[in-house]
Amino acid sequence: MPQILDTALDAVGHTPLIRLDKIAKANDLKCNLLAKVEFFSAGGSVKDRIAKAMVIAAEKEGRLIPGKSVVIEPTSGNTGIGLALACAIKGYSVIITLPNKMSLEKEALLRALGAEVIRTPTEAAWDSPESHIGVAERLQRAIPYAVILDQYSNVNNPLAHELTTGPEIIEAVVSTPSTSEHPSSGKVDVLVAGAGTGGTVTGIARAIKKTHNKDCIVVGVDPKGSVLAGSGSNSPSDNVPYTVEGIGYDFVPDVLNFEDIDQWMKTGDDESYAAVQQIMRKEGLLVGGSSGSALSGALRWLQSDAGQQIANTEGLNVVVLFADGIRNYMSKPWFLQIALEAEPSPMAGVISGILGKDKTTNGSVKPAETPASPSAAEKKPSATPALSDTAARSASPQIVSH
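The chain has the name cystathionine beta-synthase in an unreviewed UniProt entry, where Candolleomyces eurysporus is given as its organism. For the record of the chain, the UniProt heading Pathway (unreviewed entry) holds the text "Amino-acid biosynthesis; L-cysteine biosynthesis; L-cysteine from L-homocysteine and L-serine: step 1/2." The Catalytic activity (unreviewed entry) field of the UniProt record for the chain holds the comment "L-homocysteine + L-serine = L,L-cystathionine + H2O".

Draft legend 1. Structural view of the overall build of the chain. On a plain count of helices and strands, the chain comes out with 13 helices and 13 strands. Scored against the burial criterion, the 402 residues of the chain give a buried share of 52%. Of the contacts formed within the chain by residues at least 6 apart in sequence, a portion of 71% connects residues at least 24 apart. Total accessible area computed for the chain in this model is approximately 17900 Å², and 54% of it derives from carbon and sulfur atoms.

Draft legend 2. Representation of the packing of aromatic side chains within the structure. Summed over all chains, the structure comprises nine aromatic pairs. Ring centres of Phe-39 and Phe-40 lie 4.7 Å apart, and the angle between their planes is 20°; this geometry places the pair in the stacked category. Owing to a relative accessible area of 7%, Phe-39 belongs among the buried residues under this scheme. For Phe-40, a relative accessible area of 17% translates into the label buried. Relative to Phe-251, the ring of Tyr-249 lies with its centre 5.2 Å away and its plane at 55°, an arrangement referred to as tilted. Both residues of the pair, Tyr-249 and Phe-251, count as buried.

Draft legend 3. Quick look at the sheet that holds strand E2 (residues 32-37). If you trace the seven strands from one edge of the open sheet to the other, you get E9-E8-E7-E10-E2-E1-E13, paired in mixed fashion. Each edge of the open sheet carries a strand with a single partner, namely strand E9 (263-267) and strand E13 (399-400). Bridge analysis of strand E7 (residues 190-194) against strand E10 (residues 317-322) gives three bridges, and the strand direction is parallel. Counted as the bridge partner of Leu-191 is Val-319 from E10. Strands E7, strand E8 (217-223) and E10 of the sheet are contacted by helix H7 (residues 199-211), whose axis makes an angle of about 165° with E7. Its contacts with the sheet place helix H9 (residues 289-303) against E2, E7, E8, E9 and E10, and it is angled at close to 120° to E9.

Draft legend 4. Summary view of unusual backbone geometry. Backbone geometry at His-14 places phi at a positive 55°, although glycine is not the residue there. Locating His-14 in the fold gives a position in the segment before strand E1 (17-19). His-14 sits in the partly exposed class, given a relative accessible area of 38%. For Tyr-145, which is not a glycine, the phi torsion comes out positive at approximately 65°. Here Tyr-145 shows up in the loop between helix H5 (132-142) and strand E6 (146-148). The class for Tyr-145 is partly exposed, based on a relative accessible area of 47%.

Rules of the game
- Residues numbered from 1 in each chain as written.
- Predicted model: local features only at pLDDT ≥ 70, side-chain atom pairs only at ≥ 80, totals over all residues.
- Heavy atoms only, no water.
- UniProt positions renumbered as here; feature names shortened; annotations may be inferred.
- Helix = DSSP H or I, 4+ residues; strand = E, 2+ residues; numbered from the N terminus.
- Buried < 20%, exposed > 50% of the residue type's maximum accessible area, 1.4 Å probe, protein only.
- Contact = heavy atoms within 4.5 Å.
- Areas by Shrake-Rupley, 256 points an atom, 1.4 Å probe, with all protein chains shown as cover.
- Phe/Tyr/Trp six-rings, centres within 6.5 Å; stacked < 30°, edge-to-face > 60°.
- Pairing = 2+ DSSP bridges.
- Axes fitted to C-alpha atoms, helices over the stretch in contact; angles between N-to-C directions.

If you want it as C-alpha coordinates, here you go:
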(Lines give C-alpha, C1' and ligand atoms only; values in the text may rest on other atoms or scores of the structure.)
Protein backbone atom coordinates (compact mmCIF):
# COMPACT_ATOMS: atom_id res chain seq x y z
CA MET A 1 0.00 0.00 0.00
CA PRO A 2 1.42 3.45 -0.91
CA GLN A 3 2.62 5.44 2.07
CA ILE A 4 3.95 8.91 2.74
CA LEU A 5 7.74 8.68 3.07
CA ASP A 6 9.59 10.65 5.72
CA THR A 7 12.57 11.60 3.49
CA ALA A 8 14.06 10.83 0.11
CA LEU A 9 16.28 8.25 1.82
CA ASP A 10 13.18 6.09 2.18
CA ALA A 11 12.94 6.10 -1.62
CA VAL A 12 16.40 4.56 -2.01
CA GLY A 13 16.24 1.13 -3.61
CA HIS A 14 12.97 -0.79 -4.12
CA THR A 15 13.70 -0.80 -7.85
CA PRO A 16 11.90 -2.97 -10.42
CA LEU A 17 13.02 -6.12 -12.19
CA ILE A 18 11.99 -5.69 -15.82
CA ARG A 19 11.83 -8.22 -18.65
CA LEU A 20 14.03 -7.56 -21.69
CA ASP A 21 11.91 -9.72 -23.99
CA LYS A 22 12.62 -7.79 -27.19
CA ILE A 23 16.37 -7.96 -26.70
CA ALA A 24 16.11 -11.63 -25.78
CA LYS A 25 14.13 -12.35 -28.95
CA ALA A 26 16.54 -10.37 -31.12
CA ASN A 27 19.39 -12.51 -29.76
CA ASP A 28 17.51 -15.85 -30.02
CA LEU A 29 17.52 -16.42 -26.27
CA LYS A 30 15.11 -18.93 -24.79
CA CYS A 31 15.98 -18.03 -21.20
CA ASN A 32 14.39 -15.09 -19.40
CA LEU A 33 16.52 -11.94 -19.66
CA LEU A 34 15.73 -9.60 -16.76
CA ALA A 35 17.13 -6.19 -15.77
CA LYS A 36 17.39 -4.82 -12.24
CA VAL A 37 16.91 -1.15 -13.12
CA GLU A 38 18.57 1.06 -10.52
CA PHE A 39 17.92 4.53 -11.96
CA PHE A 40 14.48 4.33 -10.31
CA SER A 41 16.18 4.89 -6.94
CA ALA A 42 15.95 8.34 -5.33
CA GLY A 43 19.42 9.53 -6.37
CA GLY A 44 19.37 7.78 -9.71
CA SER A 45 21.79 4.90 -9.24
CA VAL A 46 22.66 1.68 -7.46
CA LYS A 47 25.15 3.67 -5.37
CA ASP A 48 22.33 5.32 -3.41
CA ARG A 49 22.11 2.10 -1.44
CA ILE A 50 25.70 2.10 -0.18
CA ALA A 51 25.69 5.84 0.49
CA LYS A 52 22.67 5.47 2.75
CA ALA A 53 24.13 2.41 4.48
CA MET A 54 27.55 3.98 5.06
CA VAL A 55 26.11 7.19 6.52
CA ILE A 56 23.70 5.40 8.86
CA ALA A 57 26.42 2.99 10.04
CA ALA A 58 28.90 5.84 10.64
CA GLU A 59 26.31 7.67 12.74
CA LYS A 60 25.67 4.57 14.85
CA GLU A 61 29.41 4.08 15.32
CA GLY A 62 29.87 7.73 16.36
CA ARG A 63 32.15 8.49 13.41
CA LEU A 64 29.74 11.13 12.11
CA ILE A 65 28.83 13.87 14.56
CA PRO A 66 25.85 16.09 13.64
CA GLY A 67 26.87 19.72 13.26
CA LYS A 68 30.58 18.92 13.11
CA SER A 69 31.49 16.18 10.71
CA VAL A 70 32.49 16.78 7.10
CA VAL A 71 32.03 13.85 4.73
CA ILE A 72 34.73 13.47 2.07
CA GLU A 73 34.59 10.81 -0.63
CA PRO A 74 36.65 9.96 -3.73
CA THR A 75 34.22 8.68 -6.33
CA SER A 76 33.42 8.31 -10.01
CA GLY A 77 30.28 10.28 -9.22
CA ASN A 78 27.30 8.13 -8.35
CA THR A 79 28.41 7.30 -4.80
CA GLY A 80 29.07 11.01 -4.36
CA ILE A 81 25.57 11.88 -5.51
CA GLY A 82 24.10 9.34 -3.10
CA LEU A 83 26.20 10.73 -0.25
CA ALA A 84 25.36 14.34 -1.13
CA LEU A 85 21.67 13.43 -1.10
CA ALA A 86 21.95 11.68 2.27
CA CYS A 87 24.04 14.45 3.80
CA ALA A 88 21.71 17.18 2.51
CA ILE A 89 18.93 15.48 4.44
CA LYS A 90 21.03 14.83 7.55
CA GLY A 91 22.90 18.13 7.61
CA TYR A 92 26.52 17.18 6.94
CA SER A 93 28.93 19.14 4.74
CA VAL A 94 30.23 17.12 1.79
CA ILE A 95 33.39 17.28 -0.31
CA ILE A 96 33.64 15.07 -3.40
CA THR A 97 36.85 14.39 -5.33
CA LEU A 98 36.08 13.41 -8.91
CA PRO A 99 38.36 12.42 -11.84
CA ASN A 100 38.21 14.76 -14.82
CA LYS A 101 36.76 12.16 -17.17
CA MET A 102 33.51 12.00 -15.22
CA SER A 103 30.56 13.86 -16.70
CA LEU A 104 29.62 17.50 -16.22
CA GLU A 105 26.14 16.36 -15.19
CA LYS A 106 27.56 14.52 -12.19
CA GLU A 107 29.40 17.63 -11.01
CA ALA A 108 26.29 19.76 -11.56
CA LEU A 109 24.11 17.40 -9.54
CA LEU A 110 26.67 17.23 -6.74
CA ARG A 111 26.84 21.01 -6.52
CA ALA A 112 23.05 21.28 -6.70
CA LEU A 113 22.88 19.04 -3.62
CA GLY A 114 25.32 21.35 -1.80
CA ALA A 115 28.55 19.39 -2.20
CA GLU A 116 31.95 20.90 -2.91
CA VAL A 117 33.60 19.23 -5.93
CA ILE A 118 37.32 18.93 -6.68
CA ARG A 119 38.33 17.56 -10.09
CA THR A 120 41.50 15.44 -10.33
CA PRO A 121 43.58 14.19 -13.29
CA THR A 122 42.05 11.09 -14.85
CA GLU A 123 45.51 9.73 -15.68
CA ALA A 124 46.73 9.92 -12.05
CA ALA A 125 47.34 6.45 -10.59
CA TRP A 126 45.10 5.56 -7.67
CA ASP A 127 47.99 5.82 -5.16
CA SER A 128 49.23 9.15 -6.51
CA PRO A 129 48.82 12.27 -4.31
CA GLU A 130 47.10 13.91 -7.31
CA SER A 131 44.46 11.18 -7.71
CA HIS A 132 40.92 11.54 -6.44
CA ILE A 133 41.86 9.21 -3.57
CA GLY A 134 45.08 11.07 -2.78
CA VAL A 135 43.38 14.48 -2.77
CA ALA A 136 40.59 13.20 -0.54
CA GLU A 137 43.12 11.86 1.96
CA ARG A 138 45.02 15.16 1.98
CA LEU A 139 41.80 17.08 2.68
CA GLN A 140 40.79 14.63 5.39
CA ARG A 141 44.08 15.19 7.22
CA ALA A 142 43.71 18.98 7.08
CA ILE A 143 40.00 19.51 7.85
CA PRO A 144 38.77 19.08 11.44
CA TYR A 145 36.12 16.35 11.92
CA ALA A 146 36.51 15.21 8.32
CA VAL A 147 35.58 11.59 7.61
CA ILE A 148 36.21 9.49 4.50
CA LEU A 149 33.56 6.77 4.48
CA ASP A 150 35.64 4.97 1.81
CA GLN A 151 33.45 2.89 -0.45
CA TYR A 152 36.53 0.92 -1.54
CA SER A 153 37.00 -0.74 1.86
CA ASN A 154 33.79 -0.05 3.80
CA VAL A 155 32.04 -3.34 4.67
CA ASN A 156 28.70 -1.58 4.37
CA ASN A 157 29.23 -1.34 0.62
CA PRO A 158 28.74 -5.05 -0.18
CA LEU A 159 26.55 -5.48 2.90
CA ALA A 160 24.02 -2.96 1.57
CA HIS A 161 23.58 -5.12 -1.53
CA GLU A 162 23.52 -8.34 0.44
CA LEU A 163 20.72 -6.93 2.59
CA THR A 164 18.70 -4.99 -0.02
CA THR A 165 19.52 -5.40 -3.73
CA GLY A 166 19.97 -9.15 -3.61
CA PRO A 167 16.82 -9.88 -1.57
CA GLU A 168 14.77 -7.60 -3.86
CA ILE A 169 15.91 -9.57 -6.91
CA ILE A 170 15.17 -12.88 -5.20
CA GLU A 171 11.73 -11.76 -4.03
CA ALA A 172 10.76 -10.52 -7.49
CA VAL A 173 11.77 -13.78 -9.16
CA VAL A 174 10.19 -16.01 -6.51
CA SER A 175 6.98 -13.93 -6.37
CA THR A 176 6.42 -13.99 -10.13
CA PRO A 177 4.54 -17.19 -11.08
CA SER A 178 5.65 -19.37 -13.94
CA THR A 179 3.25 -19.18 -16.89
CA SER A 180 3.04 -20.67 -20.36
CA GLU A 181 4.06 -17.32 -21.80
CA HIS A 182 6.85 -16.78 -19.29
CA PRO A 183 8.00 -20.10 -17.79
CA SER A 184 10.29 -19.67 -14.79
CA SER A 185 12.59 -21.85 -12.74
CA GLY A 186 11.58 -19.78 -9.73
CA LYS A 187 15.25 -19.06 -9.09
CA VAL A 188 17.93 -16.56 -10.03
CA ASP A 189 20.05 -18.79 -12.24
CA VAL A 190 22.59 -16.23 -13.49
CA LEU A 191 23.60 -12.77 -12.25
CA VAL A 192 25.57 -10.39 -14.47
CA ALA A 193 26.90 -7.11 -13.07
CA GLY A 194 29.65 -4.64 -13.79
CA ALA A 195 32.44 -4.23 -11.26
CA GLY A 196 33.71 -0.87 -10.04
CA THR A 197 34.43 -1.08 -6.35
CA GLY A 198 33.06 -4.61 -6.67
CA GLY A 199 30.69 -4.12 -3.76
CA THR A 200 27.56 -4.48 -5.89
CA VAL A 201 28.41 -7.79 -7.55
CA THR A 202 29.95 -9.18 -4.35
CA GLY A 203 26.99 -8.29 -2.13
CA ILE A 204 24.28 -9.49 -4.52
CA ALA A 205 26.17 -12.71 -5.17
CA ARG A 206 26.39 -13.42 -1.46
CA ALA A 207 22.68 -12.84 -0.95
CA ILE A 208 21.74 -15.19 -3.78
CA LYS A 209 24.24 -17.95 -3.05
CA LYS A 210 23.79 -17.95 0.73
CA THR A 211 20.02 -17.80 0.96
CA HIS A 212 18.52 -18.68 -2.41
CA ASN A 213 20.52 -20.62 -5.02
CA LYS A 214 24.07 -21.76 -4.25
CA ASP A 215 24.45 -22.82 -7.89
CA CYS A 216 23.73 -19.37 -9.32
CA ILE A 217 26.40 -18.40 -11.85
CA VAL A 218 27.80 -14.92 -11.17
CA VAL A 219 29.42 -13.12 -14.11
CA GLY A 220 31.45 -9.99 -13.47
CA VAL A 221 31.87 -7.43 -16.26
CA ASP A 222 35.08 -5.40 -16.45
CA PRO A 223 36.02 -2.84 -19.14
CA LYS A 224 39.10 -3.36 -21.29
CA GLY A 225 41.85 -1.31 -19.68
CA SER A 226 40.84 -2.23 -16.11
CA VAL A 227 42.63 -4.76 -13.90
CA LEU A 228 39.65 -6.18 -11.99
CA ALA A 229 38.93 -9.27 -14.08
CA GLY A 230 40.61 -12.45 -12.94
CA SER A 231 42.98 -12.12 -10.02
CA GLY A 232 43.31 -8.37 -10.39
CA SER A 233 47.08 -8.69 -10.69
CA ASN A 234 46.95 -8.84 -14.49
CA SER A 235 47.99 -5.92 -16.67
CA PRO A 236 45.23 -3.89 -18.33
CA SER A 237 43.98 -5.76 -21.37
CA ASP A 238 44.61 -2.75 -23.57
CA ASN A 239 46.42 0.52 -23.12
CA VAL A 240 43.66 2.79 -24.42
CA PRO A 241 41.77 4.46 -21.58
CA TYR A 242 38.11 3.48 -21.51
CA THR A 243 35.38 6.12 -21.34
CA VAL A 244 32.59 4.11 -19.73
CA GLU A 245 32.09 5.55 -16.26
CA GLY A 246 31.49 3.80 -12.97
CA ILE A 247 33.17 0.44 -13.64
CA GLY A 248 36.78 -0.73 -13.77
CA TYR A 249 39.85 0.38 -11.80
CA ASP A 250 43.63 0.35 -11.85
CA PHE A 251 43.67 -1.31 -8.41
CA VAL A 252 41.59 -3.95 -6.64
CA PRO A 253 39.28 -2.50 -3.95
CA ASP A 254 39.09 -4.39 -0.65
CA VAL A 255 35.33 -4.92 -0.97
CA LEU A 256 35.68 -6.96 -4.17
CA ASN A 257 35.74 -10.67 -3.33
CA PHE A 258 36.87 -12.80 -6.27
CA GLU A 259 35.50 -15.96 -4.63
CA ASP A 260 31.95 -14.64 -5.12
CA ILE A 261 32.40 -14.27 -8.91
CA ASP A 262 32.42 -17.36 -11.09
CA GLN A 263 33.38 -15.88 -14.46
CA TRP A 264 34.49 -12.58 -15.99
CA MET A 265 33.73 -10.83 -19.28
CA LYS A 266 35.80 -7.95 -20.67
CA THR A 267 33.92 -5.29 -22.66
CA GLY A 268 34.89 -2.36 -24.88
CA ASP A 269 33.45 1.14 -25.13
CA ASP A 270 31.94 0.69 -28.58
CA GLU A 271 29.97 -2.43 -27.75
CA SER A 272 28.81 -0.89 -24.48
CA TYR A 273 27.38 2.21 -26.17
CA ALA A 274 25.82 0.13 -28.94
CA ALA A 275 24.10 -1.90 -26.22
CA VAL A 276 22.83 1.31 -24.57
CA GLN A 277 21.16 2.25 -27.84
CA GLN A 278 19.65 -1.22 -28.07
CA ILE A 279 18.28 -0.98 -24.53
CA MET A 280 16.73 2.43 -25.24
CA ARG A 281 15.32 1.63 -28.69
CA LYS A 282 14.00 -1.86 -27.91
CA GLU A 283 13.05 -1.65 -24.23
CA GLY A 284 12.53 2.06 -23.56
CA LEU A 285 14.94 2.13 -20.63
CA LEU A 286 17.09 5.26 -20.41
CA VAL A 287 20.27 3.73 -18.98
CA GLY A 288 23.88 4.83 -18.69
CA GLY A 289 27.01 3.42 -20.28
CA SER A 290 27.85 0.81 -17.64
CA SER A 291 24.42 -0.75 -18.15
CA GLY A 292 25.36 -1.20 -21.78
CA SER A 293 28.57 -2.89 -20.62
CA ALA A 294 26.57 -5.23 -18.40
CA LEU A 295 24.18 -6.18 -21.20
CA SER A 296 26.96 -6.59 -23.75
CA GLY A 297 28.87 -8.82 -21.36
CA ALA A 298 25.74 -10.84 -20.61
CA LEU A 299 24.91 -11.41 -24.28
CA ARG A 300 28.44 -12.44 -25.17
CA TRP A 301 28.58 -14.81 -22.19
CA LEU A 302 25.25 -16.37 -23.20
CA GLN A 303 26.66 -16.93 -26.69
CA SER A 304 29.84 -18.53 -25.33
CA ASP A 305 30.43 -22.21 -24.68
CA ALA A 306 29.94 -21.58 -20.97
CA GLY A 307 26.58 -19.83 -21.39
CA GLN A 308 24.90 -21.51 -24.35
CA GLN A 309 23.09 -24.12 -22.26
CA ILE A 310 21.58 -21.36 -20.11
CA ALA A 311 20.65 -19.32 -23.18
CA ASN A 312 18.85 -22.28 -24.77
CA THR A 313 16.86 -23.36 -21.71
CA GLU A 314 13.37 -21.99 -21.26
CA GLY A 315 12.52 -20.74 -17.80
CA LEU A 316 16.04 -20.03 -16.56
CA ASN A 317 16.38 -16.50 -15.18
CA VAL A 318 19.35 -14.32 -16.14
CA VAL A 319 19.43 -11.05 -14.18
CA VAL A 320 21.52 -8.12 -15.46
CA LEU A 321 22.23 -5.15 -13.19
CA PHE A 322 21.58 -1.75 -14.83
CA ALA A 323 23.45 0.58 -12.47
CA ASP A 324 22.20 4.03 -13.46
CA GLY A 325 20.33 6.15 -16.00
CA ILE A 326 21.27 8.41 -18.88
CA ARG A 327 20.67 11.60 -16.85
CA ASN A 328 24.34 11.79 -15.89
CA TYR A 329 25.71 11.41 -19.43
CA MET A 330 23.59 13.51 -21.77
CA SER A 331 26.45 15.87 -22.71
CA LYS A 332 28.85 13.03 -23.47
CA PRO A 333 29.89 12.69 -27.13
CA TRP A 334 28.97 8.99 -27.20
CA PHE A 335 25.38 9.74 -26.16
CA LEU A 336 24.98 12.71 -28.49
CA GLN A 337 26.22 10.52 -31.32
CA ILE A 338 23.68 7.75 -30.77
CA ALA A 339 20.89 10.25 -30.03
CA LEU A 340 21.45 12.91 -32.69
CA GLU A 341 23.60 11.29 -35.37
CA ALA A 342 21.81 7.97 -35.84
CA GLU A 343 20.71 6.85 -39.28
CA PRO A 344 17.31 8.26 -40.31
CA SER A 345 14.39 6.04 -39.37
CA PRO A 346 11.89 4.79 -41.97
CA MET A 347 9.40 7.27 -40.51
CA ALA A 348 11.71 10.15 -41.44
CA GLY A 349 11.21 9.20 -45.09
CA VAL A 350 7.44 9.04 -44.61
CA ILE A 351 7.45 12.51 -43.04
CA SER A 352 9.59 13.89 -45.84
CA GLY A 353 7.20 12.48 -48.42
CA ILE A 354 4.18 14.02 -46.74
CA LEU A 355 5.74 17.43 -46.13
CA GLY A 356 7.70 17.54 -49.38
CA LYS A 357 10.98 17.95 -47.54
CA ASP A 358 14.39 16.34 -47.60
CA LYS A 359 15.68 14.43 -44.61
CA THR A 360 18.91 15.28 -42.85
CA THR A 361 21.40 12.71 -41.58
CA ASN A 362 19.96 12.71 -38.07
CA GLY A 363 16.43 11.92 -39.20
CA SER A 364 15.03 15.44 -38.93
CA VAL A 365 13.57 17.21 -41.94
CA LYS A 366 14.36 20.51 -43.59
CA PRO A 367 12.92 22.48 -46.50
CA ALA A 368 14.22 21.47 -49.92
CA GLU A 369 17.16 23.73 -50.63
CA THR A 370 17.24 26.41 -53.30
CA PRO A 371 20.38 28.17 -54.49
CA ALA A 372 19.69 30.94 -52.00
CA SER A 373 19.12 28.58 -49.07
CA PRO A 374 21.69 28.26 -46.31
CA SER A 375 23.75 25.08 -46.34
CA ALA A 376 22.64 22.03 -44.38
CA ALA A 377 25.54 22.56 -41.99
CA GLU A 378 24.47 26.15 -41.32
CA LYS A 379 20.90 25.06 -40.69
CA LYS A 380 21.71 22.08 -38.46
CA PRO A 381 20.43 22.87 -34.96
CA SER A 382 22.97 22.89 -32.17
CA ALA A 383 22.65 20.23 -29.49
CA THR A 384 22.02 21.67 -26.06
CA PRO A 385 21.48 18.70 -23.76
CA ALA A 386 19.29 19.30 -20.75
CA LEU A 387 19.59 17.65 -17.39
CA SER A 388 16.57 15.59 -16.44
CA ASP A 389 15.72 13.50 -13.44
CA THR A 390 13.92 10.20 -13.10
CA ALA A 391 12.20 9.12 -9.90
CA ALA A 392 9.78 6.28 -9.67
CA ARG A 393 9.36 3.26 -7.47
CA SER A 394 8.22 -0.24 -8.09
CA ALA A 395 4.71 -0.95 -6.80
CA SER A 396 5.37 -4.69 -6.39
CA PRO A 397 8.29 -7.06 -6.06
CA GLN A 398 7.30 -8.97 -9.19
CA ILE A 399 9.02 -8.92 -12.55
CA VAL A 400 7.63 -6.13 -14.73
CA SER A 401 6.80 -6.95 -18.36
CA HIS A 402 7.17 -4.41 -21.14
